[in-house]
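# A structural walkthrough
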Amino acid sequence: MTRAHLTVAICTIACAVGVACISPNTRSAVDGRGARAEEAAERVAVDHLVTESIATVTRDLTTPAMEGRATGSAGGERAARYIAQRMVTLGLRPAAGDDFLQPYDVYETAIDSTATVLRAGSVTLHVGDDFVPARDGPPPPARIVGPLLFVGYGVRDPQSGHDDLAGVDVRGKIVMLLIGPRLDSAAVRVSPWAREIGTNAVRATLAQAGAAGLLLVNQWPASRTYEEMARGSGISTLSRDSSAPPAALPVVILSESAADRLLALAVTSLGQLSAAAARGISTTQLIADSASLQLQLRRQRHRAYNVAGMLTGTDSAGSGEAVLLMAHFDAFGRDAAGAVRAGAADNALGTAMMLGIARALTVAHAAPRRSLIFLSTSGEERGMLGASFWADHPSRPLSKLSAVINFDGIGTEVFGPVRRVVGFGAELSDLGTTLAGVERTLGVIAEPDPFGAQRPFVRSDHIIFARRGVPALMLLGLPADSVAVSMRRAMAWVGTSYHAPGDTIRADWSWQGPRDLAAVAMLTALRVANAAHRAAWYPTSEFQRPATTASRP
Ligand SMILES: [Zn+2]
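Residues numbered from 1 in each chain as written. Predicted model: local features only at pLDDT ≥ 70, side-chain atom pairs only at ≥ 80, totals over all residues. Heavy atoms only, no water.

### Remarks on the coordination of the zinc ion
Those protein atoms acting as donors to the zinc ion are H328 (NE2), D346 (OD) and D408 (OD), and they sit at 1.9 to 2.1 Å. Every donor residue of the zinc ion comes from the same chain, spaced as H-x17-D-x61-D. With H328 in strand β15 (residues 322-328) and D408 in the loop between β19 (401-407) and β20 (420-424), this pair connects stretches of sequence that are 80 residues apart. Considered together, H328 and D408 belong to a single accessibility category, that of buried residues. (Donors = N, O, S within 2.8 Å, 3.2 Å for Na, K, Ca; no water. Helix = DSSP H or I, 4+ residues; strand = E, 2+ residues; numbered from the N terminus. Buried < 20%, exposed > 50% of the residue type's maximum accessible area, 1.4 Å probe, protein only.)

### Some words on the nonpolar core
Counting residues in hydrophobic clusters, the biggest one holds 107 residues, and the most contacted among them are I357, L361, F374, F465 and M522. It is helix α12 (residues 344-363) that contributes the most residues to this core, 12 residues altogether. Discounting chain neighbours no more than four positions away, the residues touching M522 are A45, V46, L49, I357, A360 and L361. One finds L125, V155, Y226 and L254 within the second-largest nonpolar core, a separate group that totals 58 residues. (Core = buried A, V, L, I, M, F, W, Y, C linked by side-chain atoms within 4.5 Å. Contact = heavy atoms within 4.5 Å.)

### Considering the packing of helix α3 (residues 33-47) against helix α17 (residues 512-530)
To describe two helices that pack against each other, one gives the angle between their axes and the distance between the axes. Across the interface, α3 lies against α17 with an axial gap of 10 Å and an inter-helix angle of 155°. With respect to α17, the element α3 is oriented roughly antiparallel. For α3 against α17, the interelement crossing comes out right-handed. Each of E38, E42, A45 and V46 in α3 lies in contact with α17, whose residues at this interface are R515, M522, L523, L526, R527 and N530. Looking at the contact of α3 with α17 residue by residue, the classes come out as five nonpolar, one polar and four charged. (Axes fitted to C-alpha atoms, helices over the stretch in contact; angles between N-to-C directions. Parallel < 35°, antiparallel > 145°, perpendicular 65-115°, else oblique. Left-handed = near helix turned anticlockwise from the far one by under 90°. Nonpolar A, V, L, I, M, F, W, Y, C, P; charged D, E, K, R; others polar.)

### A look at the side chain of S53
Along the chain, the position of S53 falls in helix α4 (residues 51-61). Setting aside anything within four residues of it in sequence, one finds S53 in contact with R86, G356 and R359.

### Looking at the pairing of strand β22 (residues 472-478)
Buried residues dominate β22, accounting for seven of its seven residues. Along β22, one buried face is formed by A472, M474, L476 and L478 and the opposite face, lined by L473, L475 and G477, is buried too. Bridge count for β19 against β22 is three bridges, and the pairing is parallel. Residue pairing in the sheet places I405 in a bridge with L473 of β22. (Pairing = 2+ DSSP bridges.)

### Considering α4
For α4, every residue scored as buried is listed here: S53, I54, A55, V57, T58 and L61. Where α4 is buried, its residues contact α5 (74-90), α12 and α17.

### Regarding the sheet that holds strand β5 (residues 131-133)
Taken in spatial order, the eight strands of this open sheet run β4-β3-β13-β6-β9-β10-β12-β5, and their pairing is mixed. If you trace the sheet from one side to the other, it starts and ends with β4 (123-126) and β5, each paired once. Strand-to-strand twist in this sheet, taken as the mean axis angle between neighbours without regard to direction, amounts to 30°. Taken together, the four bridges between strand β10 (residues 213-218) and strand β12 (residues 251-254) define a ladder with parallel strand orientation. Considered in β12, the bridge of V217 is made with L254. In this fold helix α9 (residues 256-263) packs onto β3 (117-120), β4, β6 (142-150), β9 (174-179), β10, β12 and β13 (285-295), with an angle of close to 160° to the strand it touches most, β4. Contacting β6, β9, β10 and β13, helix α10 (residues 270-278) crosses the sheet at an angle of about 65° to β9.

### Let's talk about the pattern of salt bridges
All told, the structure shown has 19 salt bridges when counted by the stated rule. Close ionic contact of R78 with E67 constitutes a salt bridge, the shortest N to O distance being 3.1 Å. With R78 in helix α5 and E67 in the loop between α4 and α5, the pair connects residues that are 11 residues apart, well separated along the chain. When its relative accessible area of 39% is taken as the criterion, R78 is described as partly exposed. Residue E77 pairs with R81 through a salt bridge whose shortest N-O separation is 3.0 Å. Residue E77 and its partner R81 are both found in helix α5; the two are separated by four residues, about one turn of the helix. E77 sits in the partly exposed class, given a relative accessible area of 27%. Members of the salt-bridge network, linked through shared partners, are E67, R78 and R334. (Salt bridge = Lys/Arg side-chain N within 4 Å of Asp/Glu carboxyl O.)

### Looking at the environment of P456
Tracing the backbone through its elements, the reader meets P456 in the loop between β21 (445-447) and α15 (462-466). For the pair P456 and A55, spaced 401 residues apart in sequence, the C-alpha to C-alpha distance is 25 Å. Ignoring any residue separated from it by four or fewer positions in sequence, one finds P456 in contact with F424, D449, F451, H462 and M474.

### Some remarks on unusual backbone geometry
Across the junction of D346 and N347, the peptide omega takes the value 10°, indicating a cis bond. With respect to the helices, strands and loops of the structure, N347 is situated in helix α12. In this model, H499 sits at a positive phi of 60°, which is unusual for a non-glycine residue. For H499, the position within the fold is in the loop between α16 (483-497) and α17.

Honestly, that's just the spatial picture; any functional story needs more than this.
Structural data, given as structure tokens:
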């Protein structure tokens, strides 16, 4: 064990028993009374960061009464008012004008299930049971009538000569096609044309050729079943934009049994056609002379809320600057079968960590020089609607925000006491340097982003601020196990529970873990808020630009 590791071990034990610790390396670098006072304030703040507060808020936000906190729903409003009340109790100041609540309007476009129907010959299919809109954006309204044509995979590959559209004109027709390869087929595994199966390029070609609508039949072997997809399907979309979605090519996903009922009109079956298509044989054929698809939409306006409170900085009158700590509190509400998607890990837990920090700092009277704004957003899951509303209507100009630190995740910090931390975006700004210092202080190991090209950094609320020039960081905590072990556990959870009814508080959750991660975020926020200079993007960062507020009158 190296000396550095020994320091870590001692530090970790001290932290675990609630004694704040500063590593000898850091201490020797610290000089001056101000720095010592800040160090003492950090220790007091860490002492006041307690697991009970994080556990309580997570539990309260995931009770049945919160109904999964859908944006624009009664449960979502209940959650916002709960968070606001919590901020009042903590003694934060309102940070959404004179209030803690920042209301904004969202427009829901939902399928009108009673008037949405697909007919061909004697077959009548209903939305939900038999088909759902493909999640390619807002479902467009549609009323189309035309022949129903089956085109296999719909692949047209001039190089290999494979052409599912040979000799047919798709113009004005409702086109049914298979998406996803059947991996049990040797032809599909080795044929170059098979790479096109299920791609957007196939759909684009059909749209360009004048198809009136697309009916997709999913064949991906390892994907979710139709029933799972239908339960979680985006039968409604939310937007801040009040204008109706533009008409576009309607694309729906059929259940396998619905596909079979349609194909029976041509005395064939999905099994037969799918097996033939997978051998590279053309299966293109007319299924019915006349079919119709009516997609009827309902538009509704709802009221949604962000919640914001502030801990006034000791020097805030001078600079007016602030550090923003944020976490979205919205989840997905009920699924199509009525089950609540409580969003415990995503992101009641993140909200609870953020409020746990607010609690620790207010109880410890540990306000830093710059103010701290605690922003709890809604609408993140529906397109970062709350964060973008806040950025358009901030309580203080974005040019006065020194940094944004966001909690949003897949709950890996509950796997055990946090010993490894991923700072998404740490390589892009000097927030990374500050975070590295905090990691040394708390004795946790800095880990690189394990997600690679998926780039979680661009997939949550803070990116709204980053794109407007504010340096941003999102944190993920992992236990001592190897990152690979934790990622396997996390991905198994994502497969079964992410954005689904399974995202609940589990008996095996460690509350120490989120408390540890909150400590990392809190000290990072304190150091940024106390620093002589504001945080800054590195010149090489794609986000390097002056912070701007696109404030509207
Ligand atoms: Zn989330």
